[in-house]
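Here are the chains, one letter per residue:
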Amino acid sequence: MDFEHIKNLDDAYGAEVFSRFPVAFVGGRGATLTDTEGKEYIDFGSGIAVNVFGACDEAWKNAVKEQLDKIQHVSNYYYCEPQAKLSELLCARTGARRVFFANSGAEANECALKAARKYSFEKYGAGRAKIVSLNGSFHGRTLFTVTATGQEVFHKYFDPFVPEVVSADANIEAIRRAAGDTACAVIIECVQGESGVKTLDKNFIKSLETFCKERDVLLICDEVQSGNGRTGTLYSYEQFGISPDIVTTAKGLGGGLPIGACLFFRKTEHTLKAGDHGSTFGGNPVCCAGAVNVIERLDENFLLEVRAKGDYMRTKLRAIDGVKAVTGLGLMIGLEVNGNSKDIAKKCLEKGLLVLTAHERVRIVPPLNITKREMDEGLTIFREVLRHETST
Ligand SMILES: *Cc1c(COP(=O)(O)O)cnc(C)c1O
């Protein structure tokens with residue numbers, strides 16, 4: 001199908017929730033993608049921090065194909081080897097005790113929030129169900145997770161929301177006030193992705209951990225975007241010296257297949273029991289086989305390279321005229337720029353570079369195995385676009 005045909009079908013029949021760029025990708029290798037016209041692009045977005053090994057990674061593909069040749073789905077009424085292996089792997093790497101698998105980030109968070117309420121209900125009875133999130137956060141599109149998303153733009157039209165969910169500024173006094181005596185959990189992203197790749201202050205995170213431990217309020221780290229090697233450690237909370245009670249992740253976990261995970265640590269390992277929660281597709285063997293390949297390969301050496309690439313990109317980006325600030329951690333990069341971030345993303349696309357935006361910032365989250373050549377090619381295009389932007 002040529003591009004116009006695809007576009008016409010989608011415009012006519014697709015739900016109108018996405019404002020798409022005028023391009024359809026048909027293939028790629030690593031951080032280089034190809035569209036319907038054969039034009040190539042350097043990929044600084046990896047499908048929103050999803051394709052951690054880029055397009056068509058051989059080892060990942062083989063792991064997935066091998067499972068596909070065996071069986072594509074089994075019900076969670078039965079045991080499943082890739083799922084069991086992935087649970088063990090995630091626990092071994094993080095110190096978590098148990099894992100629930102979902103299909104997306106929102107569902108992983110939904111599970112975490114439900115578990116937090118049950119934990120508190122069992123221990124303290126009713127009336128201690130409040131969830132505190134941060135202003136500027138993003139936790140998903142289900143009603144519970146969108147309620148917990150601390151950005152008004154996502155709240156239009158959808159009330160009434162889930163009760164007892166509040167957002168507060170990222171300072172400990174505001175958290176204390178918002179929590180009162182009835183909070184069961186606080187949910188944070190150590191690096192807020194959707195609101196502009198903003199890294200939370202380390203002292204705030206440490207004091208939040210202390211606050212939570214003192215009150216037996218669960219600390220939930222949403223690592224949906226910042227997880228799976230993205231920031232240079234397997235999960236970003238590791239860089240803040242904290243021990244969360246629940247960690248959620250998704251996006252990069254499957255290397256491009258839909259899978260989310262909710263990791264339960266010591267306090268919450270026995271909270272959810274048979275019948276409390278579930279999922280038809282959650283822990284699908286093909287997705288889990290992909291995720292096992294991802295997690296096994298994100299070893300210390302690989303993560304060291306991610307940090308080095310992050311440093312390299314940041315140094316180069318800081319030197320570009322029109323870049324006012326570089327934020328985030330590792331290969332999760334936010335850019336404060338001269339000019340409108342959406343316009344910049346559009347111009348980059350025209351010149352063969354994919355970047356994302358997050359509000360007023362440009363967001364760069366390339367495949368973690370991006371090569372130096374691909375980084376340099378992308379940076380050259382970005383430099384040209386910003387030069388033009390700054391001179392007009
Ligand atoms: C993307 C994202 C989500 C939602 O994930 P979906 O897979 O789109 O449901 C939740 N939290 C964070 C931090 C995210 O970046």
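For the structure itself, consult the block above.
Residues numbered from 1 in each chain as written. Predicted model: local features only at pLDDT ≥ 70, side-chain atom pairs only at ≥ 80, totals over all residues. Heavy atoms only, no water.

Enquirer: Summarise the overall build of the chain; cite the residues concerned and give the values.
Expert: A count of helical and extended segments in the chain gives twelve helices and 17 strands. Its C-alpha atoms give the chain a radius of gyration of 21 Å, near enough to 21 Å, the size a compact globule of 392 residues would have. If one aligns the C-alpha atoms of the chain with their principal axes, the spans along those axes are about 60 × 50 × 45 Å. Burial analysis of the chain (392 residues in total) assigns 54% to the buried set. Long-range pairs, those at least 24 residues apart, make up 72% of the contacts in the chain between residues at least 6 apart in sequence. Approximately 17,800 Å² of the chain is accessible, and the part contributed by carbon and sulfur atoms is 53%. (Helix = DSSP H or I, 4+ residues; strand = E, 2+ residues; numbered from the N terminus. Rg over C-alpha atoms; globule rule 2.2 N^0.38 Å. Buried < 20%, exposed > 50% of the residue type's maximum accessible area, 1.4 Å probe, protein only. Contact = heavy atoms within 4.5 Å. Areas by Shrake-Rupley, 256 points an atom, 1.4 Å probe, with all protein chains shown as cover.)

Enquirer: So what about the pattern of salt bridges? Which residues, and what values?
Expert: For the structure on display, the rule yields 19 salt bridges. Each of the salt bridges in this network shares a partner with another, and the network as a whole consists of Arg97, Arg98 and Glu269. (Salt bridge = Lys/Arg side-chain N within 4 Å of Asp/Glu carboxyl O.)

Enquirer: Which residues make up the site of the ligand, and what values go with them?
Expert: Close to the ligand lie 13 residues, the nearest being Gly105, Ala106, Asp222, Gln225 and Lys251. Between a nitrogen atom of the ligand and a side-chain N or O atom of Asp222, the distance comes to 2.8 Å. Lys251 has a polar side-chain atom sitting 2.7 Å from an oxygen atom of the ligand. Per element, the largest residue contribution to the shell around the ligand is three residues, and it comes from helix H5 (residues 105-124). (Near = heavy atom within 4 Å. Polar contact = N/O pair within 3.5 Å; in protein donor to acceptor, adjacent residues only side chain to side chain.)

Enquirer: Can you break down the nonpolar core residue by residue, with the values?
Expert: In terms of nonpolar packing, the biggest core is built from 86 residues, with Leu90, Ile188, Leu317, Leu335 and Phe382 touching the most fellow members. Those residues in contact with Leu90, other than ones at most four positions away along the chain, are Val99, Phe101, Tyr235, Leu253, Ala261, Leu263 and Ile295. Counting residues in hydrophobic clusters, the runner-up holds 21 residues, among them Phe100, Cys111, Ala115 and Cys262. (Core = buried A, V, L, I, M, F, W, Y, C linked by side-chain atoms within 4.5 Å.)

Enquirer: Summarise the side chain of Ser195; cite the residues concerned and give the values.
Expert: Here Ser195 lies in the loop between strand E8 (191-192) and strand E9 (198-199). At a separation of 2.6 Å, a polar atom in the side chain of Ser195 contacts the main-chain carbonyl oxygen of Gly136.

Enquirer: Give a detailed account of the environment of Thr315, specifying residues and quantitative values.
Expert: Checked against the element boundaries, Thr315 lands in helix H10 (residues 300-318). Each C-alpha atom, one on Thr315 and one on Thr390, is 20 Å from the other, the two residues being 75 residues apart in sequence.

Enquirer: Describe the packing of H10 against helix H12 (residues 372-391), naming the residues involved and giving the relevant values.
Expert: One way to put it is that H10 packs onto H12 with a least axis distance of 11 Å and a crossing angle of 20 degrees. In terms of axis orientation, H10 runs roughly parallel to H12. In the crossing of H10 with H12, the sense of the turn from one axis to the other is right-handed. For the pair H10 and H12, contact is made by Lys309, Tyr312, Met313, Lys316 and Leu317 and by Lys372, Met375, Asp376, Leu379 and Phe382, respectively. (Axes fitted to C-alpha atoms, helices over the stretch in contact; angles between N-to-C directions. Parallel < 35°, antiparallel > 145°, perpendicular 65-115°, else oblique. Left-handed = near helix turned anticlockwise from the far one by under 90°.)

Enquirer: Tell me what's going on with the sheet that holds strand E2 (residues 32-35), and back it up with residues and numbers.
Expert: Reading across from one edge, E1-E2-E3-E15 is the order of the four strands in this open sheet, with mixed pairing throughout. Bordering the open sheet on either side are strand E1 (25-29) and strand E15 (353-354), each of which pairs with just one other strand. Sheet analysis places E2 next to strand E3 (residues 40-43), joined by three bridges and oriented antiparallel. If you follow Leu33 over to E3, its bridge partner there is Tyr41. (Pairing = 2+ DSSP bridges.)

Enquirer: Break down the sheet that holds strand E17 (residues 361-364) for me, with residues and values.
Expert: Spatial ordering of the open sheet is given by E13-E14-E17-E16, a layout of four strands whose pairing is antiparallel. The sheet terminates laterally at strand E13 (323-329) and strand E16 (356-358), the two strands that pair on one side only. With direction set aside, neighbouring strand axes in the sheet form an average angle of 30 degrees. Where E13 meets strand E14 (residues 332-337), six bridges bridge the pair, whose relative direction is antiparallel. Within E14, the position partnered with Ala325 by the bridge is Glu336.

Enquirer: With reference to specific residues and values, describe the pairing of strand E6 (residues 165-168).
Expert: Of the pairings in the sheet, the one linking strand E5 (residues 130-134) to E6 comprises four bridges and is parallel in character. By the bridge assignment, Ile131 is partnered in E6 with Val165. In this fold, E5 hands off to helix H6 (residues 143-148), which returns the chain to E6; that crossover is right-handed. (Right-handed = clockwise from strand over helix to strand, strands pointing away.)

Enquirer: For helix H3 (residues 58-70), give the residues involved together with the corresponding values.
Expert: Compared with the 18 Å implied by 1.5 Å per residue over 13 residues, the 19 Å span of H3 between its first and last C-alpha is a close match. Trp60, Lys61, Val64 and Gln67 are the residues of H3 that are buried. One side of H3 carries all its buried residues, which in axial view fall inside an arc of 130 degrees. The exposed set on the far side of H3, more than 90 degrees from its buried face, consists of Glu66, Asp69 and Lys70. (Expected span 1.5 Å × (residues − 1). Arc of directions from axis to C-beta.)

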